Amino acid sequence: MTETKPTYYITTPIYYPSGKLHIGNSYTTIACDALARYKRATGYDVFFLTGTDEHGLKIEEKAEQLGTDPKSYVDEMAAGIKKLWKTLEISNDKFIRTTDDYHEKAVQKMFQQLQDQGDIYLGEYEGWYSVDDEEYFTETQLAEVYRDDNGKVIGGKAPSGHEVQLVKEESYFFKMGKYADWLLDYYKQHPEFIQPANRMNEMINNFIKPGLEDLAVSRTTFNWGIPVKSNPKHVIYVWLDALTNYITALGYDTDDDSLFKKFWPANVQMVGKEIVRFHTIYWPIMLHALGLPLPKTVFGHNWLLMKDGKMSKSKGNVIYPETLVNRYGLDSVRYYLVRAMPYGNDGTFTPEDFVDRLNYDLANDLGNLLNRTVAMINKYEGGVIPAYEAGVTEFDASLEATAETTMANYHKLMDNLHLSDALAEIWKLIARTNKYIDETEPWILAKNDDDDSKHQLGAVMAHLAASLRVIAYFLSPVMTHAPKQILSQLGLTFDDDINLKELTMASLPKNSKVVEKGTPIFPRRDAKEEVAFIAAQMTKSDKKKGRAAMEAAKQAANSGVWNPENTELKSAKKQVRFDAFEKIELKVAEIIDVQKVQGADKLLQFRLDAGDADDRQILSGIAEYYPEPKDLMGKKVIIVANLKPRKMRGQVSQGMLLSSEDSEGKVQLVTVPESIKNGSTVE
Ligand code: MSP
């Protein structure tokens with residue numbers, strides 16, 4: 001009979017694909033990955049979910065700015081995120097996209113059910129909305145307000161610093177208030193529901209006690225979302241759409257709901273601190289209203305900050321994980337990120353700290369321990385690790401005691417989500433093992449010829465190898481390569497079937513032959529040079545990249561294959577068949593009017609004569625390159641004439657203008673001589 005394993009379901013938040021993910025976002029996924037790997041290695045049947053949160057105004061606007069449609073945009077961005085997780089060797093079992101068909105259907109069904117049972121009702125909403133945060137704020141919640149001469153508030157900034165605008169709209173609401181007492185009681189009965197524990201008081205005092213307002217769960221002001229089936233002018237507002245991914249991914253309420261039955265409720269839902277509120281107030285209420293059990297723990301980790309505060313493109317202090325992985329290897333980056341985020345506090349990334357961790361923790365403490373051990377086993381034992389024997393000397397007994405304590409603490413810390421502390425615990429054993437070499441002085445034991453000394457020397461070598469083996473296994477949830485390399489230098493192979501909870505020093509395999517010369521797994525770096533390298537990556541202007549990306553996206557709207565990873569058109573590499581090219585109709589058109597679009601800094605609205613009966617309107621995101629757009633009047637340009645009309649900012653755009661970049665990187669419209677008649681085809 002096969003034993004059934006206990007299950008463990010862990011989730012990351014689903015990421016907005018509105019920009020490239022940086023080391024801050026990557027932290028959440030790496031931390032979850034470490035936990036997923038740890039649980040698998042301690043006998044659990046794990047399901048690890050991550051994905052992308054693809055709807056909402058921000059995405060719609062981003063796509064519009066880039067001159068592409070939201071779906072093509074999110075397709076490419078989601079592909080980029082999947083690629084990043086591959087690079088970071090994330091072991092997720094599923095990647096959900098909120099544009100996945102099964103998710104959209106399930107969300108519509110849930111919405112309908114909640115409406116039928118009276119939890120969702122139609123009302124009207126007025127509030128200050130921040131597009132960037134995808135969130136409404138009341139006037140008192142705004143960090144800054146702008147007033148007119150009469151003192152009336154006419155605008156302001158959200159706590160995040162993003163601009164807000166007053167929005168009034170018909171909206172469906174979720175009756176959150178109705179469940180406030182139930183939620184408070186649930187918190188009381190389940191103190192482990194919110195971790196770290198102090199966040200629970202924050203939720204109670206800041207959000208629930210002051211009065212839980214009903215939550216707007218639909219919008220009519222944009223289109224890019226899941227339509228409410230019974231009233232499709234409404235799209236379901238992102239939080240209901242987003243939060244429910246955790247159950248739709250498991251096939252909730254479908255014919256194949258075996259995963260849902262097996263894994264729900266989740267064991268750990270890890271989120272950053274700014275979205276704890278959504279996950280510990282709205283999400284539990286939604287689940288409760290649906291009659292479903294709540295996740296066991298929502299864990300809110302802190303932020304990884306930079307010296308000058310939060311990471312942001314506009315500050316120019318963003319670091320992308322690929323940059324660090326390419327130069328320092330994956331394990332260094334995974335180790336650094338997990339180590340740098342303390343439990344319940346923000347961590348700070350600095351180039352100095354990063355390089356110090358590489359040099360001190362990895363190259364010195366761990367790397368040297370391995371190098372010395374391998375060298376000594378070669379020198380004193382002919383390369384063969386002697387059989388492990390406990391407590392030959394008091395030093396051995398002391399090292400064994402430290403290893404026992406480390407192992408027990410490590411498990412407790414991992415199980416309680418103290419990931420950084422669990423790594424620190426391994427480093428205690430590393431430090432203790434290094435000290436053990438100094439205490440036992442193997443080079444002196446080796447000089448003595450008596451049996452006692454030989455016996456002791458053998459015990460020291462076996463203890464060093466046994467300790468390194470424990471260290472390697474315990475590192476394996478965080479590092480995906482070094483543990484195998486460490487074991488391989490000791491002549492051992494990494495055994496995936498070993499349960500980390502059953503690992504002991506004494507289970508060191510017998511008579512293993514170490515490598516003759518170990519190569520350093522973590523080379524020492526020149527601190528000055530590397531700090532300068534990382535700092536340069538942070539200050540490198542994103543501007544050029546941004547422009548190139550925009551250009552590529554704009555062109556790609558033709559082919560629908562924009563690749564934001566390298567801002568290169570995939571089609572530039574791939575040849576297209578002549579009949580595919582032939583389908584595109586290029587025409588000469590004269591600009592008869594052009595103006596800026598109110599509220600959209602980047603857009604110009606063109607009226608063109610393309611030789612048709614009616615004028616044509618085209619919107620193009622090139623305003624920044626034409627500060628005096630009227631100068632363009634009368635110019636003859638080339639348009640893609642048979643592009644399906646699209647709505648941008650509530651206006652129809654009937655085609656696309658061809659442009660190119662000049663030597664300074666400025667986008668310029670491609671023009672043709674005046675003598676060519678309007679409407680002539682370009683072949
Ligand atoms: N789409 C929402 C989540 C919906 S979940 C149903 C979202 N996406 S996000 O892309 O903005 O953020 C994803 C995660 O990245 C969040 O947990 C956030 O806290 C985390 N981080 C973003 N910047 C971070 C740091 N600088 N440091 C640590 N984590 C950070 O929110």
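Residues numbered from 1 in each chain as written. Predicted model: local features only at pLDDT ≥ 70, side-chain atom pairs only at ≥ 80, totals over all residues. Heavy atoms only, no water.

Taking an unreviewed UniProt entry as the reference, the protein chain is identified by name as Methionine--tRNA ligase belonging to Secundilactobacillus silagei JCM 19001. The record held by UniProt for the protein chain lists under Subunit (unreviewed entry) the comment "Homodimer." (UniProt positions renumbered as here; feature names shortened; annotations may be inferred.)

**Observations regarding the overall build of the protein chain**
On a plain count of helices and strands, the protein chain comes out with 22 helices and 29 strands. In terms of principal-axis extent, the alpha carbons of the protein chain reach across some 105 × 65 × 60 Å. Per-residue burial for the protein chain yields a buried fraction of 53% across its 683 residues. Partitioning the contacts of the protein chain with sequence separation of at least 6, the portion at a separation of at least 24 is 73%. On the protein chain, roughly 30,700 Å² of surface is accessible, and the fraction owed to carbon and sulfur atoms is 48%. Here the protein chain contributes 82 positive and 98 negative side-chain charges, whose respective centroids are spaced 2 Å apart. (Helix = DSSP H or I, 4+ residues; strand = E, 2+ residues; numbered from the N terminus. Buried < 20%, exposed > 50% of the residue type's maximum accessible area, 1.4 Å probe, protein only. Contact = heavy atoms within 4.5 Å. Areas by Shrake-Rupley, 256 points an atom, 1.4 Å probe, with all protein chains shown as cover. Lys, Arg positive; Asp, Glu negative; His and termini not counted. Charge placed at Lys NZ, Arg CZ, Asp CG, Glu CD.)

**A closer look at the packing of aromatic side chains**
This model, assessed by the stated rule, comprises 28 aromatic pairs. The ring of Y44 carries K39 above its face, with NZ or CZ at 4.4 Å from the centroid. One residue, R219, lies across the ring of Y237, its end atom 4.0 Å from the ring centre. (Phe/Tyr/Trp six-rings, centres within 6.5 Å; stacked < 30°, edge-to-face > 60°. Lys NZ or Arg CZ within 6 Å of the ring centre and 35° of its normal.)

**Details of the sheet that holds strand 11 (residues 218-219)**
The 3 strands are arranged 11-13-12 in an open sheet whose pairing can be described as antiparallel. Single-partner strands in this sheet number two, and they are strand 11 and strand 12 (226-227). Direction of pairing for strand 11 relative to strand 13 (residues 235-236): antiparallel, over a ladder of 2 bridges. What sits directly across from R219, in strand 13, is V235. (Pairing = 2+ DSSP bridges.)

**Considering the pairing of strand 20 (residues 586-597)**
Within a regular strand, side chains alternate between the sheet's two faces. Bridge count between strand 20 and strand 23 (residues 636-640): 5 bridges; the pairing is antiparallel. When the bridges of strand 23 are listed, L586 appears paired with V640. In this sheet, strand 21 (residues 600-609) lies alongside strand 20 in antiparallel orientation, the contact comprising 7 bridges. Within strand 21, the position partnered with D593 by the bridge is R607. Linkage of strand 20 to strand 21, two consecutive antiparallel strands, is achieved through a turn of 2 residues, within which G599 is found at a positive phi near 80 degrees.

**Focus: the nonpolar core**
Counting residues in hydrophobic clusters, the biggest one holds 101 residues, and the most contacted among them are F349, F354 and L490. Counting residues per element, this core draws most heavily on helix 17 (residues 451-475), which supplies 14 residues. With near-sequence residues (within four places) excluded, F354 lies in contact with L324, Y328, S332, V333, Y336, F349 and I534. In this structure, A180, L183, I204 and L294 belong to the second largest nonpolar core, which totals 71 residues. (Core = buried A, V, L, I, M, F, W, Y, C linked by side-chain atoms within 4.5 Å.)

**Here's the deal with the packing of helix 12 (residues 330-340) against helix 13 (residues 351-381)**
Where helix 12 contacts helix 13, the axes come no closer than 10 Å and their chain directions differ by 110 degrees. Here helix 12 is positioned roughly perpendicular relative to helix 13, judged by the angle of their axes. Two secondary-structure elements touch here, helix 12 through S332, V333, Y335, Y336 and R339 and helix 13 through D353, F354, R357, L358, D361 and L362. Looking at the contact of helix 12 with helix 13 residue by residue, the class counts come to 6 nonpolar, 1 polar and 4 charged. (Axes fitted to C-alpha atoms, helices over the stretch in contact; angles between N-to-C directions. Parallel < 35°, antiparallel > 145°, perpendicular 65-115°, else oblique. Nonpolar A, V, L, I, M, F, W, Y, C, P; charged D, E, K, R; others polar.)

**Some thoughts on the sheet that holds strand 15 (residues 297-301)**
Taken in spatial order, the 6 strands of this open sheet run 3-2-1-14-15-9, and their pairing is parallel. The outermost strands of the open sheet, each flanked by one partner alone, are strand 3 (94-97) and strand 9 (194-195). Relative to strand 2 (residues 45-52), strand 1 (residues 7-15) runs parallel, the two sharing 7 bridges. Each residue of the ladder has a partner; that of Y9, found in strand 2, is F47.

**A closer look at the site of the ligand**
Around the ligand, the structure places 24 residues, and the nearest of them are I14, D53, G272, E274 and L304. A distance of 2.8 Å is found between a nitrogen atom of the ligand and a backbone nitrogen or oxygen belonging to L304. Notes on the ligand: free accessible area 670 Å², of which the protein chains cover 94%. Of the residues belonging to the shell around the ligand, the class tally is 14 nonpolar, 8 polar and 2 charged. (Near = heavy atom within 4 Å. Polar contact = N/O pair within 3.5 Å; in protein donor to acceptor, adjacent residues only side chain to side chain.)

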